[in-house]
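Okay, here's what each chain looks like letter by letter:
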Amino acid sequence: RINLERRGINDRKISFIWAELFSAILIVSISIFGVQTAIINPDIRLSGHAARLPLALCFITPVHNSVLTFLSGIPSERFLKYHKIFGILAFINCILHGYVHFRASGNIQNDFKNLLASEKMTVIGSGYLLALFLVGILISALPQLRRKMFEIFHYLHIIFAIGIAWCAFYHSGMFVVILSAIVWGSDIFTRRIIMPFINPVKAEIKNLTTSIVQLEFPKTSGFNYNPGQYVYIAIPELSLLQLITGK
């Protein structure tokens, strides 16, 4: 952990861990790599890697229980910041990768003709669809929409993410798909199968007012929770898929 002092009217300490410094260096490096392989020295293969890497990191950073959070020491709620950054970076490098392709092909109309004429998903066609899914997921995740229509955002996010992973499979192979399946599969296994045997499974519900509901549950020995952390509470009677976020 690194402590930096900033002196002013009040003495304050700015604290961050080495993993966050490494993440910042990684973000800058991927950005430079994307510009280098798309504009300075255009290369269709390397620019594709520059787009695929932040996409893979975007998939693995929002997971609640993973080896990544264990090794880095960054909690899942703080990883959401990097999830958003890597998502935007994946979209930018995807556009740069498309720019390299357009420069090499020189004819966009042929791409669309081949896309419409083909009965199977092609590499170029999956690239176009991947870009459209990225646009959709970024628009639906805008704070103005997410805060007002969180349920719609939540399910659209899942649909778009599945579409992105499907297109990434056709466009660049199994890397993103396998990595996402391992990370998210282990997270779902941990939260849905292991955690119910460790954390409290019963709670008392009280209506405090017409708009406030209080949940009370015992803090068992295996339930480690500190003030300021997020607790994800599942209420099966509402929905088997719904998660309510409390802090």
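Residues numbered from 1 in each chain as written. Predicted model: local features only at pLDDT ≥ 70, side-chain atom pairs only at ≥ 80, totals over all residues. Heavy atoms only, no water.

### Digging into the overall build of the protein chain
Turning to step 1, where the next piece is worked out: Of regular secondary structure, the protein chain possesses nine helices and six strands.
Turning to step 2, where the next piece is worked out: In the protein chain, which comprises 247 residues, the share counted as buried stands at 28%.
Turning to step 3, where the next piece is worked out: Put simply, 52% of the contacts in the protein chain that link residues at least 6 apart link residues at least 24 apart. (Helix = DSSP H or I, 4+ residues; strand = E, 2+ residues; numbered from the N terminus. Buried < 20%, exposed > 50% of the residue type's maximum accessible area, 1.4 Å probe, protein only. Contact = heavy atoms within 4.5 Å.)

### Topic: the packing of aromatic side chains
Turning to step 1, where the next piece is worked out: Under the counting rule described, the total for this entry stands at six aromatic pairs.
Turning to step 2, where the next piece is worked out: For the pair Phe79 and Tyr82, a centre-to-centre distance of 6.2 Å together with 70° between the ring planes defines the contact as edge-to-face. Placement of the pair is Phe79 and Tyr82 together in helix H4 (residues 76-105), with a separation of three residues, close to one helical turn.
Turning to step 3, where the next piece is worked out: Assessed through its relative accessible area of 7%, Tyr82 is described here as buried.
Turning to step 4, where the next piece is worked out: Taking 5.2 Å as the distance between ring centres and 70° as the angle between the ring planes, the aromatic pair formed by Phe169 and Tyr170 counts as edge-to-face.
Turning to step 5, where the next piece is worked out: For Phe169, a relative accessible area of 35% puts it in the partly exposed group.
Turning to step 6, where the next piece is worked out: Taken together, the aromatic side chains of Trp166, Phe169 and Tyr170 make up a single cluster linked through ring pairs.
Turning to step 7, where the next piece is worked out: Over the face of the ring belonging to Phe153 we find Arg146, whose NZ or CZ atom lies 6.0 Å from the ring centre. (Phe/Tyr/Trp six-rings, centres within 6.5 Å; stacked < 30°, edge-to-face > 60°. Lys NZ or Arg CZ within 6 Å of the ring centre and 35° of its normal.)

### Observations regarding a nonpolar patch on the surface
Turning to step 1, where the next piece is worked out: Residues Val135, Ile139, Leu142, Leu145, Met149, Ile152, Leu156 and Ile159 make up a contiguous nonpolar surface patch of about 640 Å² in total accessible area.
Turning to step 2, where the next piece is worked out: Of all the secondary structure elements, the ones that give two or more residues to the nonpolar patch are helix H6 (123-140) and helix H8 (150-172).
Turning to step 3, where the next piece is worked out: Along the chain, Leu145 turns up in helix H7 (residues 143-148). (Patch = residues over 30% accessible without salt bridge, like charges linked within 9 Å, V, L, I, M, F, W, Y side chains within 5 Å. Areas by Shrake-Rupley, 256 points an atom, 1.4 Å probe, with all protein chains shown as cover. Salt bridge = Lys/Arg side-chain N within 4 Å of Asp/Glu carboxyl O.)

### Observations regarding the nonpolar core
Turning to step 1, where the next piece is worked out: Judged by nonpolar contacts, the single largest core of 15 residues is most densely connected at Leu55, Phe59, Leu130, Leu134, Ile164 and Val176.
Turning to step 2, where the next piece is worked out: Among the secondary structure elements, those contributing two or more residues to this core are helix H2 (44-60), H4, H6 and H8.
Turning to step 3, where the next piece is worked out: Counting residues per element, this core draws most heavily on H8, at five residues.
Turning to step 4, where the next piece is worked out: If sequence neighbours within four positions are ignored, Leu130 has contacts with Ile164 and Cys167.
Turning to step 5, where the next piece is worked out: In this structure, Cys58, Val63, Ile74 and Tyr82 belong to the second largest nonpolar core, which totals 14 residues. (Core = buried A, V, L, I, M, F, W, Y, C linked by side-chain atoms within 4.5 Å.)

### Here we look at the pairing of strand E3 (residues 204-207)
Turning to step 1, where the next piece is worked out: With four bridges connecting them, E3 and strand E4 (residues 213-216) associate as antiparallel partners. Each bridged residue has a counterpart across the sheet, and for Lys206 the counterpart in E4 is Gln214.
Turning to step 2, where the next piece is worked out: Between E3 and the antiparallel strand that follows it, E4, lie five residues. (Pairing = 2+ DSSP bridges.)

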